[in-house]
Each structure stands twice: as C-alpha cells, then as structure tokens.
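As a plain string of letters, each chain reads:
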Amino acid sequence: MSENFETAIRSMCEGVGNDKARMMDIVREVQETFGCVSDDAMDLIADQVRTPRVEVESVVTFYAFLSKKQNGTVVFRLCDDIIDRMFGFERLKHAITEELGIDIGETTADGRFSLETTPCIGMCDQAPALMINDEIFTEVSRDTLLDYVEQLKAGITPERLRRRLGDGNNSNPLVSAAVSNNIRTRGEVIFAPLECGRALKKALSMSPNEVIRDIKTARLRGRGGAGFPTGMKWDFTRAARGERKFVICNADEGEPGTFKDRVILTERPELLIEGMAIAGYAIGAQEGIIYLRGEYAYLRPFLEDMLQKARNTGMLGKAIFGKQGFDFDIRIQMGAGAYVCGEETALISSCEGLRGDPKNRPPFPAQKGYHGYPTSVNNVETFCCVARILDQGAGWFSQIGSKGSTGTKLLSISGDCRRPGVYEVPFGIKLCEVLEMAGGNGAVAVQIGGPSGQMVGPKDYNRTICYDDLATGGAMMVFGPNRNLLEVVHYFMEFFVEESCGYCTPCRVGNALLKDRLERIMEGKGEPADLDYLEDLGVTVKSTSRCGLGQTSPNPILSTLKNFRPLYEQLVHEDQPFQATFDIQKALGEAKSIAGRPSMHFAE
Amino acid sequence: MAKPKIATTSLAGCFGCHMSILDIDERILELVDIVDFDKSPINDIKEFTGECLVGLVEGGCANEENVRVLQDFRKHCKILISLGDCAINGGLPAMRNTIPLKECLDEAYLNGPSVYNPSGRIPNDSEIPLLLNKVYPCHEVVKIDYHLPGCPPSADTIWQALTALLTDKPMELPYELIKYD
C-alpha cells in the first residue's frame, strides 16, 4: 500500500469531517478515484472515521455502483430494463461483449474497460441507453456503440464522445448531456413559466401553520406514488419534537419507466429548491437534503450551481429574504445505484451513510427520521407543486384535476408509442386520452406506475389517472401487440429479486419463489394449481413484507393474473409427468455412465 | 357403491412406516370395512388394479424403480400422501447426497472396512435398477398432496389422517400426535 494511497484516502475522509454518517460520499469518491473500494481502502476508511470495518464493507457491497474489485478506467453500464430490451438491448450487449471480448461483470485484461448492466437509468423515452462512466448516451445503435469503443480505445475520454447535446438545459455547460427532455405537454403547475422567489416570499409573509393550511386546502398528495397527503405529513413533522428537523427531497427516481424527475431537475430546479425552502419554513427545518440517484450524477454540477445561485439571491442561507430566524440550506446526497433507496426509510439510511435498508415503521420519519430527527421526505414533483400552490393559491390549484386528486401529474411514457416523453396532464384524465396523446393507440397492455404498479388491458382504458383509480408515481409503459407480456412480468420479477435488500424473508425469498414458479409456467411445465400458488404467495409477500418494495413487488404477477389470465391458462397443463424441477435423465446420468448401460424404465 | 381403495408402497424406506400402519392394531378391521386395499405390501398385490382414492408412500426416491413406482402412484391415486420423514425429506438414505455416487459404490462394494468381495466387481446386472445421482424426497419428483411427518408417524396419526380423508371430515391432529421430541 503506497503512502500516497493512504494520504489520499485519509484526506477524502477528512473532506467530510471524518463523519461516518457521510460514508456514501467517502466511498463514492474512493470508487471514482481508484476504480474500486479495495480491502485496503476499507481498512483505512474504517480507521479514519472510527467505525467497525464491517460498516464500511456493508455499504460498499450493497450499492451497485461501488465495487471491491478493480473496475476498468472506463465502465460501460448498459441500461437493462424492459423498454431497453424491447428496443435493442440484446443487440448492444452482443456487439459490445464481442468487441471487448469480455462478458457482463468482467473487466478487460489490460484493465481499461469494464462491462456491466444496470436497471433503468431513467431514459426509457430514448432507449436503448447506456452510461459510460457518468456520461449518458441515448438512442444508441450498434454501430454507434462500436464506434464509441473504437474511439475510447484510441484514448478519447467519454465526455468527448458526445455527438450532440440535448434540448433545454441539457445543453447547459454544467450539464452538457446528450439527453433529451421530450416534454410533450406543458401543464399549469410544473412547466408553466416561473417567477423565482415569489412563492417563497409569499410563504414567509404567512405563519408556518398558514402555509401548511394552504397545502391542506389545495389537497396536495405525494407525487412519488403512495399519495400521502403532504399537508398532513408536514403537520406531523412540525408537531414532532426535535432539536433539528430535516426536509429531504426524494430524487432517487428508480422505478423503471419513470423519468419525469430527471426532466424537473433539468428544467425546473428553481421550483424544487423554492418548494424545499417553503417546506423548511413550514415544518421548522434548517437543513435540506436532495437525495440524487447515482444515475443522475451528470446533473450534480448543475444542481450545485443552482443551489449556489439560490444562496446568492438569498433564497437559501441565513435569514432568508430578510426573515430573521429562518435559516435553511440544502446539500446534495448522491446515491449509488440501489432501487430500494427510493423507499423513504431506506433513503434515510442511505443518507446516514448506511446500507439502504428500510427501517421499521413506526416511528415514521415525521417523528424519527434522519439521525432520529423529525424529517419530511417528499418527491421532487411534490415540492414543485408546493411552490406553485403558494404562488398561485390553494384555491387555484384545487380547481385543477379531479376531486380526490388535485393538480396535474407528470407522466413518463415509454414503450410502443409514437411520442414517448414527459406529459403534464391534469388528474382525472382517461387512460385512453393519454394513449391517444402519446400515439400508443394499438396498445394491448399498459403498465401503470412501473413494475410496482399494475398492468391493465383495453377493458380498463376508460379508467382515469388519479389516486382513487389508476394511481401512478408517473411511469407508464406501453406494450404493443407483438410483445410477450409474461416476459415483461418476468423481467419485473427479476428486477425485484435483484433489488430486494434481503432484510426480510417474505421479500427476499418470496420474490425468488414467485419468479421460479413463473419460469416454470413459461417453460410449459406448469399446472393449473401453480396459478393459485402464485396468487397465494403473492398475497403473502405483499401483506408480510417490511417495506414498500415487497409490499408491491408481486403486483406484476397479481395484476396480470387478474387482467390477462388467459395468457397463463394457455401455458399450464394438468397431468405433468414430473415436477418441473425434476429431470430424470439428469438424475440418472452418473449411474448410467458408471454402469455403462441405459435406464430400463426411462428411455432417453 | 363400491368401497374406495387405498394403496401403499415403500420406496427408499425401512418399512418402519408400514409397521406403524399395522400398529393401528384391531382398527385395521374397521379400516377394511370402509376401504379396499389395492397395490400394497400388506396384501402383496404387485400392480394397480384400478383407481385409488388414497396412496401412502413411504421412503424417498433412490433409484429409477422408485421413480417409476411413484409415478404409477401419482397416476392411480387421487390423493397422494408422503408418509414419514424419508418420503418427506429423503431421510437416512439421503445421507449419501453429499458424496458422489461413484464414491458411495466404491465404499459399499470395494473399499469399506467390512467388505469381502474377492471378485472386485460392483454388481451391475441389467435387472438392478440404476441409482439416482442423489436421493430425492417424493414431492421433488411428483406432486404430493399431503405430508405426514414422523419417523415413523404414529399409528394414531395415520389413523386420524386416513379416517378424516375417507369420511370427508376435517383432520384432527392434536399436539401429542405431531410433536416429535
């Protein structure tokens, strides 16, 4: 171990004040600098921040973007979600494994290139996509990818591979990403023009309780998917006793098929920052955290700059807009590739420098959240709605949308439709109208709300998008007539098995069992009783899992069993000769070769 | 109406579970009042004569003949029960599962300390069923409807299960019948 190495690691720890709660920042920096967090590095970190080594290792081994083994200088991460699979993932995978001569999960012998896959990176409207280090590349063809590899081999850095920049702020020098916003419809709440600071000033002229009352009057509900009334959450957080309080923005948009927060972060960060400051004022918090998913690291310099600008104009910092006693600032916490961290208690664990394990509830974060202090965790879009409600009035907001679901909703639409992208629509809109807008008229199925949501067919196209009918955090994947829906379901189950944190048995084991039984059915080895098994086990996993992941992960199976049952029924048969997992020829293989004679009962 | 039929067999088992069936003692007279026995070692009927309501299977599957018999039971029995720990878990015969088959045979016929085998050959008559690579519990081979644990399950447990199934009543298995320590 060289002295330089030791100095570097120790100074990275010192950079965050040797605070073990900032473990995520430390290990991310080590990973970025050295291409891995080696055993030596973990020893040094543990020593420097005075924590047991296992604490460091548990973090490093939990997150997909951290690794113990040395990665190549250039890491390819092919986005492997169902939409990318529909639009050429296999082609890219085949091309690049052949070109580099390595498999997924391997590094070339010269240590230059590593190849990995990653679940949804939030680019489903421009699939297939991949990351090369932190750079994002979208709508990549086989030839383009091979061309990238060639240039990288010639020593070009990933940043210089970009051929074009995206629209809007994607072309901002601090973002400079080849990502498109694809904003298709602009509504009145999120994408309407904005006068910065007006909403916050208005909030500061009111008492915190009045602000919360306004949010309640507007009947705002959380935009992440669960739909908890925001005003109520803030009330609880405000009422809870704590020396410090926190506002956390959940920008860990990990639900496959969702990418609307990416567009908000790119185009409306001011609205988000303002909304967070208002939340801070309302609940009495001085500190805010934006938990940004690792896949969106390319937005970080831009967001840091926006935060600095907000400090310069007095929207963040001490005595905001001259209001004595109201201090509020925001820091960005980077994630490192873990879907479960979108669950609010897992997200808090991650912010605390731990594995992204969900916590027991109660106590809810509003009572005991970040480091045990009252914390309100809200979605990116929710904060934006807050700012707009303060600016335009609760009455104005509650006129938009439907009775139980006020305001607008951003939908991330992808898949078999002519106009994939982000749509801001009023709640209460019919699914068929949305499909019409997106040019997905021929859809045989639509996955509402990502894998944890539900899959519906044409008989449900007249239903409405709102909390009381088809609830969604924003994802909407459209599947045309040529798609095998069971393959889609299977992908979703693979995803949940991979992303389960493993803490509770129903989720860790149950999802794997569900996936196995589904595979058995797909292989034609299932029997009708397997469908009951899937239903029973699905309900058990849902009702006994510890956090939202397991409480929703059986949904792809359960909703397709309900809405697309014939797909399953045509695959299962009575009177299977054996259990699907039993292979008589394999079981007899050894004996046949030892005895040198064939089986008398089971001819091959 | 013809009496329902039951069938029993012992695969890779020790016949202990069948002894336990016989331990229902004089109740066997009650039993034959309500059922006929089809294929079973108890009456020595070798092949099924028709469809059965209940099949009791002792022992797991160690060789291809076990598998064939088990398949036969599944085909002919409406309700198939794994009787005892070997049928359910593989039991003692499954202790060989961690050892490669070749080593097991060598130890049994060539190298074992008590082996006397001047021919130095491992029996390999074409009539000898081939062994499976490991011993399988029955439910890993075919679908099993019920499991009656115990080594062996007590006569009372077997009696309760059978009479409940035959009279279509809920099974009553008090704690004493399903506690094993």
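These numbers come from a predicted model, not from an experiment. (Residues numbered from 1 in each chain as written. Chains lettered and ligands numbered in written order. Predicted model: local features only at pLDDT ≥ 70, side-chain atom pairs only at ≥ 80, totals over all residues. Heavy atoms only, no water.)

Novice: In this structure, what is going on with the overall build of chain B? I would like to understand it.
Specialist: If you tally the helices and strands in chain B, you get six helices and seven strands. Reading the helices (α) and strands (β) of chain B from amino to carboxyl end gives β-α-α-β-β-β-α-β-α-α-β-β-α. Contacts in chain B between residues at least 24 apart in sequence constitute 75% of all its contacts with a sequence separation of at least 6. Carbon and sulfur atoms provide 55% of the accessible area of chain B, an area that totals close to 9,600 Å². Of the charged side chains in chain B, 16 are positive and 27 negative, and the gap between their average positions amounts to 5 Å. (Helix = DSSP H or I, 4+ residues; strand = E, 2+ residues; numbered from the N terminus. Contact = heavy atoms within 4.5 Å. Areas by Shrake-Rupley, 256 points an atom, 1.4 Å probe, with all protein chains shown as cover. Lys, Arg positive; Asp, Glu negative; His and termini not counted. Charge placed at Lys NZ, Arg CZ, Asp CG, Glu CD.)

Novice: Would you mind going over the pattern of salt bridges with me for this structure?
Specialist: Close approach of charged atoms lets side chains of opposite charge pair. Summed over the entire model, instances satisfying the criterion amount to 50 salt bridges over all chains. Across the pair Arg262 of chain A and Asp125 of chain A runs a salt bridge whose closest N-O atoms are separated by 3.7 Å. Here Asp125 of chain A lies in the loop between β2 (113-118) and β3 (130-132) and Arg262 of chain A lies in helix α11 (residues 260-267), a separation of 137 residues in the sequence. Residue Arg262 of chain A shares its accessibility class with Asp125 of chain A, and that shared class is buried. Of the charged contacts in the structure, one is a salt bridge between Asp44 of chain B and Lys46 of chain B, with a shortest N-O distance of 2.9 Å. (Salt bridge = Lys/Arg side-chain N within 4 Å of Asp/Glu carboxyl O. Buried < 20%, exposed > 50% of the residue type's maximum accessible area, 1.4 Å probe, protein only.)

Novice: Looking at this model, I keep getting lost on the environment of Ile24 of chain B. Mind explaining?
Specialist: All names here are of chain B. The topology assignment puts Ile24 in the loop between α1 (16-22) and α2 (27-34). Accessibility expressed as a relative area gives 2% for Ile24, which makes it buried. Not counting residues up to four positions away in its chain, the partners in contact with Ile24 are Leu31, Ala155 and Trp159.

Novice: What is the right way to look at the packing of aromatic side chains in this model?
Specialist: Residues and elements named next belong to chain A. Per the counting criterion, the structure on display carries 18 aromatic pairs over all chains. Three or more aromatic residues joined by ring pairs make a cluster, and in this case those are Tyr339, Tyr491, Phe492, Phe495 and Phe496. Against the face of Tyr296 rests Arg293, its NZ or CZ located 5.2 Å from the ring centre. Across the ring face of Tyr533, the terminal group of Arg517 is positioned such that the distance to the ring centre comes to 3.7 Å. (Phe/Tyr/Trp six-rings, centres within 6.5 Å; stacked < 30°, edge-to-face > 60°. Lys NZ or Arg CZ within 6 Å of the ring centre and 35° of its normal.)

Novice: Sorry, what's going on with the pairing of strand β1 (residues 5-10) of chain B here?
Specialist: Successive residues of a regular strand alternate their side chains across the two faces of the sheet. Residues and elements named next belong to chain B. The buried count for β1 comes to six of six residues, which makes it a mostly enclosed element. The two faces of β1 match: Lys5, Ala7 and Thr9 on one face and Ile6, Thr8 and Ser10 on the other face are all buried. Taken together, the two bridges between β1 and strand β2 (residues 36-37) define a ladder with parallel strand orientation. If you follow Lys5 over to β2, its bridge partner there is Asp36. Pairing of β1 with strand β3 (residues 52-58), which is carried by five bridges, proceeds in the parallel orientation. For Ser10, the partnering residue across the bridge sits in β3 and is Glu58. (Pairing = 2+ DSSP bridges.)

Novice: Just checking my understanding: could you explain unusual backbone geometry for this structure?
Specialist: Working note: non-glycine residues mostly have negative phi, and peptide bonds are mostly trans. With omega at -5°, the peptide bond leading from Ala127 of chain A into Pro128 of chain A counts as cis. Within the fold, Pro128 of chain A resides in the loop between β2 and β3. Look at the link from Cys151 of chain B to Pro152 of chain B: it is a cis peptide, with omega at -5°. Look at Glu139 of chain A: it is not a glycine, yet its phi comes out positive at around 45°.

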